[in-house]
Amino acid sequence: MSSADTPAYSLTRPGTAPLDPPPLYSRLRDEKPITQVTIWDGRLSAWLVTRWEDARAVLGNPAFSSDQSHPGFPGQHPDMPPLAHGFFANYDPPIHTTMRSTLTRDFIIKRISALRPGIARTTTRLLDEMTRSERPVDLVERFALPLPSLVICDLLGVPYEDHEYFQQRSRVFVDGNATGQQIGQAWEELNAYLVGLLSTKRRNPGVDVLTRLTEHVDASTVTERDASDLAVFLLFAGHETTANMIALSTVALLRNPDQISQLLAGPTEAANAVEELLRFLSIVHGGLRRYALEDVTIGGVTISAGEGVIVPVHVANRDPESFTDPDNLDLGRANARRHVAFGYGIHQCLGQPLARAELQIALPELFRRLPGLRLAGPFEDISFKENTLVYGVNELPVVW
Ligand code: HEM
């Protein structure tokens, strides 16, 4: 049961301010920064940790586990099937360490920097195609989704032609209304698809992550099953998030047109602008979920062993004690990069160099090529995603 003291943790944003966290959480952060909320229709309580400093204290502390198999773990769904080791965000060391280290080499900044010319070419091609189309154009369908999807396909060695198959199934993982059974089924279908691709790579190796995963299997670093699960996780994580960031950033910039010049001022300014957009939008609003393995005191509140914790990064990133005038989008903000939009601690986003590269290329290029870019209809008509763990827009009709 939820009550005034223990409200339900909700992903619903107010219609009047869809780019801001629900006002209740901002109020809680100011008045009762660590407080109990309920999830799963009131069946489970968990601590909501809303201040930036406390969020980092939780995420950086190994006493807070990500292992969803603990009974009472405040996971996204009550009937979540145990996901494979390859979904290593849901595991602690040593499983987490083994799985993550299989991939780190492919996501280091140096490797990702080498992808930049290819990302720029894809950006140009998509914008060329878009500008030749009849207006209005849905920016999600024509730009925000295909760009990261093409990039992750290229990096992994997955044929983009299959995008409808894997995008449809990826969407289930972030759908707050999906059942555990639907999530399990989507995972297994994607897994079967990737098992097929991995065996093709074994016969015809390429220069891609899937080929390297077959090498890891040969070296017995991971099992065949781990390799296909890791590939599923990357395929999903690689486009759901960045696609939402590109579309939502476009909305935020069109709402704050005075800021666009900062994005176009040069690479350093654009990089800072992207950090501020990551902070301001903090799309992973389902919150980062943890479970206390022992009693820990955070911000004066003792969280007992066996209790769950939710860290709503979108609320922590608007903490006025850490960011001046936090509800204001300020692309020149000096400390924007301190945000926790990519998490913090050992689970901090593995794909952040890639996400940054995509956003730093795509957003300035979009506004440079289309200086007259604007919404095709009123802001109030934008269809924001409801009850999805990663926030975004369903579609974004634009003209220029
Ligand atoms: C703007 C885009 C993105 C955002 C906002 C984002 C956000 C996050 C966050 C908040 C976490 C931490 C989860 C936790 O602590 O429980 C995370 C983890 C992760 N992300 Fe991202 N992500 C983005 C893009 C990507 C991309 C492009 C990829 C990869 C191809 C990726 C792969 C991963 C992986 C593998 C993890 C798990 C890391 C671990 O548990 O060690 N992400 N991401």
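Thresholds applied
- Residues numbered from 1 in each chain as written.
- Predicted model: local features only at pLDDT ≥ 70, side-chain atom pairs only at ≥ 80, totals over all residues.
- Heavy atoms only, no water.
- Pairing = 2+ DSSP bridges.
- Helix = DSSP H or I, 4+ residues; strand = E, 2+ residues; numbered from the N terminus.
- Near = heavy atom within 4 Å.
- Polar contact = N/O pair within 3.5 Å; in protein donor to acceptor, adjacent residues only side chain to side chain.
- Nonpolar A, V, L, I, M, F, W, Y, C, P; charged D, E, K, R; others polar.
- Disulfide = S-S within 2.5 Å.
- Buried < 20%, exposed > 50% of the residue type's maximum accessible area, 1.4 Å probe, protein only.
- Core = buried A, V, L, I, M, F, W, Y, C linked by side-chain atoms within 4.5 Å.
- Expected span 1.5 Å × (residues − 1).
- Arc of directions from axis to C-beta.
- Contact = heavy atoms within 4.5 Å.
- Phe/Tyr/Trp six-rings, centres within 6.5 Å; stacked < 30°, edge-to-face > 60°.
- Lys NZ or Arg CZ within 6 Å of the ring centre and 35° of its normal.

Caption draft 1: Geometry of the sheet that holds strand β8 (residues 308-311). A sheet is described by the order of its strands in space; here five strands give the open sequence β1-β2-β8-β5-β3, paired in mixed fashion. Whereas interior strands pair on both sides, the edge strands pair on one side only; in this sheet they are β1 (34-39) and β3 (64-65).

Caption draft 2: Seen up close, the site of the ligand. The ligand sits among 26 residues. The nearest are His96, Arg100, Arg290, His347 and Cys349. Between the ligand and Arg290, the relevant distance is 2.7 Å, taken from an oxygen atom to a side-chain nitrogen or oxygen of the residue. Between His347 and the ligand, the recorded distance is 2.6 Å, taken from a side-chain N or O atom to an oxygen atom. Of all elements in the fold, only α3 (95-107), α11 (224-255) and β5 (288-292) reach the threshold of two or more residues within the shell around the ligand. With six residues, α11 is the largest single contributor of residues to the shell around the ligand. The residue makeup of the shell around the ligand, split by class, is 17 nonpolar, seven polar and two charged.

Caption draft 3: Structural view of the state of the cysteines. The tally for this structure, following the rule as stated, stands at zero disulfides. Cys153 takes part in no disulfide bond, and the closest cysteine sulfur to it belongs to Cys349, at a distance of 17 Å. For Cys349, a relative accessible area of 29% translates into the label partly exposed.

Caption draft 4: Just the sheet that holds strand β4 (residues 137-138), in detail. Pairing in this open sheet of three strands is antiparallel, and the strands run β4-β12-β9 from one edge to the other. With partners counted over all chains shown, the strands left at the sheet margins are β4 and β9 (374-375), one partner each.

Caption draft 5: Fine view of unusual backbone geometry. Here the bond from Pro93 into Pro94 is cis, since omega is 5°, no more than 30 degrees from zero. In this fold, Pro94 is placed in the loop between β3 and α3. With an omega of 0°, the peptide bond running from Arg135 to Pro136 counts as cis. Mapped onto the elements, Pro136 comes out in the loop between α5 (116-131) and β4. For Trp40, which is not glycine, the phi torsion reads 50° and is therefore positive. Here Trp40 lies in the loop between β1 and β2 (44-49).

Caption draft 6: Just the nonpolar core, in detail. Core analysis: the largest hydrophobic core is formed by 110 residues, its most contacted members being Phe143 and Val158. In terms of residue count, α11 provides more of this core than any other element does, 17 residues in total. Counting residues in hydrophobic clusters, the runner-up holds 20 residues, among them Ile34, Val49, Ala55 and Phe323.

Caption draft 7: Representation of α5 in the model. Taking 1.5 Å of rise per residue, 16 residues should cover 22 Å, and α5 covers 22 Å from first to last C-alpha, within 8% of that figure. Residues of α5 that are buried include every one of Ile119, Thr122, Thr123, Leu126, Leu127 and Met130, and no others. Taken down its axis, α5 places every buried residue within 130° of arc, on the same side. Turning to α5, the residues buried within the fold contact β4, α6 (139-144), α7 (146-156) and α15 (352-369).

Caption draft 8: The arrangement of the packing of aromatic side chains in detail. In this structure the tally under the stated criterion is 13 aromatic pairs. Ring geometry for Phe173 against Phe236: centres 5.1 Å apart, planes inclined by 80°, an arrangement best described as edge-to-face. In this pair, Phe173 sits in helix α8 (residues 163-173) while Phe236 sits in helix α11, placing the two residues 63 residues apart along the sequence. Side by side, Phe173 and Phe236 carry an identical accessibility label, which is buried. Following the ring pairs from residue to residue traces out a cluster consisting of Phe87, Phe88, Phe173, Trp187, Phe233 and Phe236. Over the aromatic face of Tyr344 sits the side chain of Arg56, whose NZ or CZ is 4.3 Å from the ring centroid.

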